Every structure is written in structure tokens, then in C-alpha cells.
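Summary of structural features
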Amino acid sequence: MTRTRVLTGAVAALALMAGAAQAQSVTVGYFLEWPMPFEYAKAKGLYDEALGVPVNWVSFDTGTAMSAAMASGDVHMSVSQGVPPFVVAASAGQDLQILDVAVSYADNDNCVVRSELEIDKDSAGELAGKKVAVPLGTAAHYGFLKQMNHFGVDLASLEIVDMAPPDGAAAIAQGAVDMACGWGGALRRMTEHGNVLLTGAEKEDLGILVFDVTSGPAAWVAENSDLVAEFLAVTAEANAMWADEANHAEMLPVIAKDAGMDEAATAETLATFVFPTVEEQMTAKWLGGGAQEFMKGVADVFVEAGSIDGALDSYADHVNTGPLQSASAM
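Residues numbered from 1 in each chain as written. Predicted model: local features only at pLDDT ≥ 70, side-chain atom pairs only at ≥ 80, totals over all residues. Heavy atoms only, no water.

Glancing now at the nonpolar core. A general tendency of soluble globular proteins is for nonpolar side chains to be buried together. Counting 94 residues, the largest nonpolar core has Trp-57, Leu-127, Phe-144, Met-148, Met-179 and Phe-231 as the members making the most contacts within it. If one sorts the elements of this core by residue count, helix H11 (residues 225–243) sits on top with nine residues. If you look at the next biggest cluster of nonpolar residues, it comprises 10 residues, including Ala-169, Val-177, Ala-186 and Met-190. (Core = buried A, V, L, I, M, F, W, Y, C linked by side-chain atoms within 4.5 Å. Buried < 20%, exposed > 50% of the residue type's maximum accessible area, 1.4 Å probe, protein only. Helix = DSSP H or I, 4+ residues; strand = E, 2+ residues; numbered from the N terminus.)

Shown next, in the form of C-alpha cells:
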């Protein structure tokens, strides 16, 4: 992490505070057991230094809870919010904006079938009548819907229970559900008691993309665009630092501790993550059009499944690349 840029950012932020009304502190939502390079910067206090104001961190179990916290004003930004819960909130009228692509992953968000059932992708039709734990309105929910559609499993034939991933992991371990969907540490615990139907690569072949974003309420972002740009710049630097394997020995213990995980599990999880650079994020694949199109696809699937009442005609207004462009120049 470039110390000079962090200190320069702190001076700039303080100067801006002197000349304009700006947040006196920033509250950010994140997930435990979801290790990412930003947690190194978080633990080292680099966000506080760069923004020039205290950054408070609040952990959540689901992206839907993040949306609710941002709607109430209790949280100003959320790191690694899943696209599906973002879409659910935006479709309901919440004025949220995507600020960057936090992480791309396909093998770290999935559904697991209990081992005793001996059901795999060739016998997925046998899931009819089974009980499934799904965190509704999340990336896992979207992936579940797409997989069931692919396998021709009628949703009406399933008993679907809304459970956060940690609860779903406990339920499948106890035999209380036949399949559970989730991510991160909870997914790893699920796989101790079952198997996935499709690998990450197989899901991507079906168009099931899995990525998270940094998000925030549009009004707050507009009022604090400089703070947001500084925040995204620190995140980008942490990602760049992690991209160099020479830094793993220094960063891994810090990230693991902050995520509430052991180092082996943290390394295993991070190996399944991809952190696009700012330049990559600005391309057509991501914030240059791909994310907007993907959100529309997610919304349409949710409407068809009866999960939301309606989709927007376009989600383009829910992507704001301004702060990220500013961050790239820092």
C-alpha cells in the first residue's frame, strides 16, 4: 500500500471538509467469513487515513440486510453486496448505485445437495418435493433459480425456506433440509455434508455470472463523492497489493483475522476470487454495459419466479462510475 498516497488523500479529504459540508464519519457494511484484500487496509486503518474521517464497519449476513441498512441511513456504503439483492432493492425503488466491481467468483456461491440423497446433475430431477434453504433475494437465490430452470425442476414442487447461509449450513448438517445455498465459509461447511450440482465453470457456461459490488445510496454518494473516490482508491490499491504474491505472507494473516477465519480457509477462499482492476471494471464486460445488462437479466428472472413484482426498463441509472474514474487518477 502506497503510504504517500494515503497521507496525501487524508490531507485532501481534510481540506475538502473545510470547504464543504461532508460526512464526519462513514459507516460501511461488509461480510464476515468473506475474505478480501480490502480487509488488510481496513485492519491497518488505511481507509481512515485516506478519507480523513473515521470509518466504522458493520458486518452483515446477507446483501438484503445491507440494502435495508442503507435505506435507513445506518450504513453509507456496502462492500461486496451481491448483484441480486442490489437488483431487488433497485427494482423496489431504492435509489442505490453500483460504485465498483468488488469481486468476481463462480465457485464460491452455490447450492449443495445432502450426500445421503445421492443426487447429482444427472439426477437433479429427483429434487422435486425436497426442502431447500435459500437466502432469498441474493446471488445464491438467483443461481438457485437458474439451476432449477436448467434442470427442469418445478419450483412449486420444492419447499423453499428463507435462510441466511450460516443457518442453511447448520440445517443441512442436521439433516433438516435436503439442499442449501450460500457462499463463503457457510458454503464450505455445507460441502462437508453434500455436493454441488454444477461447478463454477459449468454455471458460467449457462450464463450464471456471480459478482459483488460496492454500493451506496445515490444521494449520499452525490454529497460525498470525494470521500467515495478515496475509499475506492484504497480498495483498488489493496487489490493491487494482493495481486502480487510477494505480499501474501504479510496480508494473509491480517485478512484472515479480520474475516474471522483461519489462514488455510482464507487462502482457499481467496484462490477462488478474482478482483478486476479499475481499468478492467470500466470495460464493456463490467461497468461499461455488461453489469447493466446482467442486472436486467437478474430482474427478469426474479419477476418470472414471482420473487419481485416488476423489473425496471433499464438499470443503467443505478451504475455510477464517476467516483471510480476519480479514484483511478489518485
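Anyway, onward from the coordinates.
Our next topic: the environment of Gly-310. On the secondary structure map, Gly-310 appears in the loop between helix H15 (290–305) and helix H16 (322–328). Given a relative accessible area of 29%, Gly-310 falls into the partly exposed group. Measuring from C-alpha to C-alpha, the distance between Gly-310 and Asp-300 comes to 7.9 Å, with 10 residues separating the pair along the chain. Discounting residues that sit within four places of it in the chain, Gly-310 has contacts with Ser-91 and Val-303. (Contact = heavy atoms within 4.5 Å.)

With the rule as written, the count across this model stands at six salt bridges. Here Asp-258 ties to Lys-42 by a salt bridge, and the two come within 2.7 Å at their closest N and O atoms. Taken together, the residues Asp-258 in helix H12 (residues 248–259) and Lys-42 in helix H2 (residues 38–43) connect sequence positions 216 residues apart. Both residues of the pair, Asp-258 and Lys-42, belong to the buried class. Salt-bridge contacts for Glu-202 lead to Lys-121; the nearest nitrogen and oxygen are separated by 2.7 Å. Taken together, the residues Glu-202 in helix H9 (residues 200–205) and Lys-121 in the loop between strand S5 (109–114) and strand S6 (131–134) connect sequence positions 81 residues apart. Assessed through its relative accessible area of 24%, Glu-202 is described here as partly exposed. Members of the salt-bridge network, linked through shared partners, are Arg-114, Glu-116 and Asp-178. (Salt bridge = Lys/Arg side-chain N within 4 Å of Asp/Glu carboxyl O.)

The subject of this paragraph is unusual backbone geometry. Positive phi is not limited to glycine here, since Glu-33 has a value of about 55 degrees. Along the chain, the position of Glu-33 falls in the loop between strand S1 (26–31) and H2. Phi at Ser-80 is positive, roughly 70 degrees, even though this residue is not glycine. In this fold, Ser-80 is placed in strand S3 (residues 77–82).

What follows covers the pairing of S6. Pairing of S6 with strand S7 (residues 159–162), which is carried by four bridges, proceeds in the parallel orientation. Residue Lys-131 lies in a different strand from S7, and its bridge partner there is Glu-159. Where the polypeptide runs from S6 across helix H6 (residues 139–151) and back to S7, its parallel neighbour, the crossover connection is right-handed. Bridge analysis of S6 against strand S8 (residues 179–183) gives two bridges, and the strand direction is parallel. When the bridges of S8 are listed, Val-132 appears paired with Met-179. (Pairing = 2+ DSSP bridges. Right-handed = clockwise from strand over helix to strand, strands pointing away.)

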